[in-house]
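# Summary of the model geometry
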Amino acid sequence: MEVFSGLPKLFPITPTIPNRADERQLMWSGESGVTKQDPSTSVPVSLDSEPSLPLLMDKVAAVIPSKYMIVGLQLRLSLAELQVIRPQHQGLEEHHRAFGEIFDVWRRRGSPPYTWRTLIDVLRSASVGEVSLSDELTSWITQHH
């Protein structure tokens, strides 16, 4: 066991850069840490069930972080609301925060309906253009139903 600054090294640090395709496959197979460990991320019953925020963040925000603005518009948030939510910095963490706020506004408002089906339609829309992600999400939900 290696010692660093007098403390045992419990977890070896191996720098790896994950392949985005591998990352996406892990998310859809349900093997990402959040999906397995958090009980609020249980598999949706159907396309018409309400999504949990942790699953939305894991399955959507983590995959398309820079599309928060157009997804927000498709979920009928106003430009004024999105300007308030808009990140001050363009980092990944800020985009995730923006997605979280957008999903929260959508959930509280309930219009359009707060369902996986609505989100899938938004992802499939011409302006968002995430047909592949939409198909993966649909498949993931229907396989677990």
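Since this is a predicted model, take the numbers as computed values, not measurements. Position numbers for residues count from 1 along each chain, tracking the sequence in the order it is written. pLDDT decides what is reported in this predicted model: residues at 70 or higher carry local features, side-chain atom pairs at 80 or more are listed and counted, and totals for whole chains, interfaces and linings draw on all residues regardless. With hydrogens and water set aside, each side-chain value is computed from the structure's full complement of heavy atoms.

### Quick look at the environment of Ser-49
- Locating Ser-49 in the fold gives a position in the loop between α2 (33-37) and α3 (53-61).
- Partly exposed residues are those whose accessible area sits between 20% and 50% of the maximum for their type, while under 20% is buried and over 50% is exposed, using a 1.4 Å probe and protein chains only. Using a relative accessible area of 15% as the deciding quantity, one classes Ser-49 as buried.
- Between the C-alpha atom of Ser-49 and that of Pro-113, which follows or precedes it by 64 residues, the distance is 9.9 Å. Helix numbers and strand numbers start at the N terminus; a helix is a DSSP run of H or I with at least 4 residues, a strand a run of E with at least 2.

### Considerations on the pattern of salt bridges
- Salt bridges are defined by distance alone: a side-chain nitrogen of Lys or Arg within 4 Å of a carboxyl oxygen of Asp or Glu. Following the criterion strictly, the structure yields 8 salt bridges and no others.
- Measuring nitrogen to oxygen at the nearest pair gives 2.6 Å for the salt bridge that ties Asp-104 to Arg-107. Of this pair, Asp-104 and Arg-107 both sit in helix α6 (residues 92-109), 3 residues apart, which is roughly one turn of the helix.
- With relative accessibility at 41%, the residue Arg-107 sits in the partly exposed group.
- What you see here is one network of salt bridges that share partners, running through Glu-94, Arg-97 and Glu-101.

Fair warning: the whole summary comes from geometry, so function is off the table for now.
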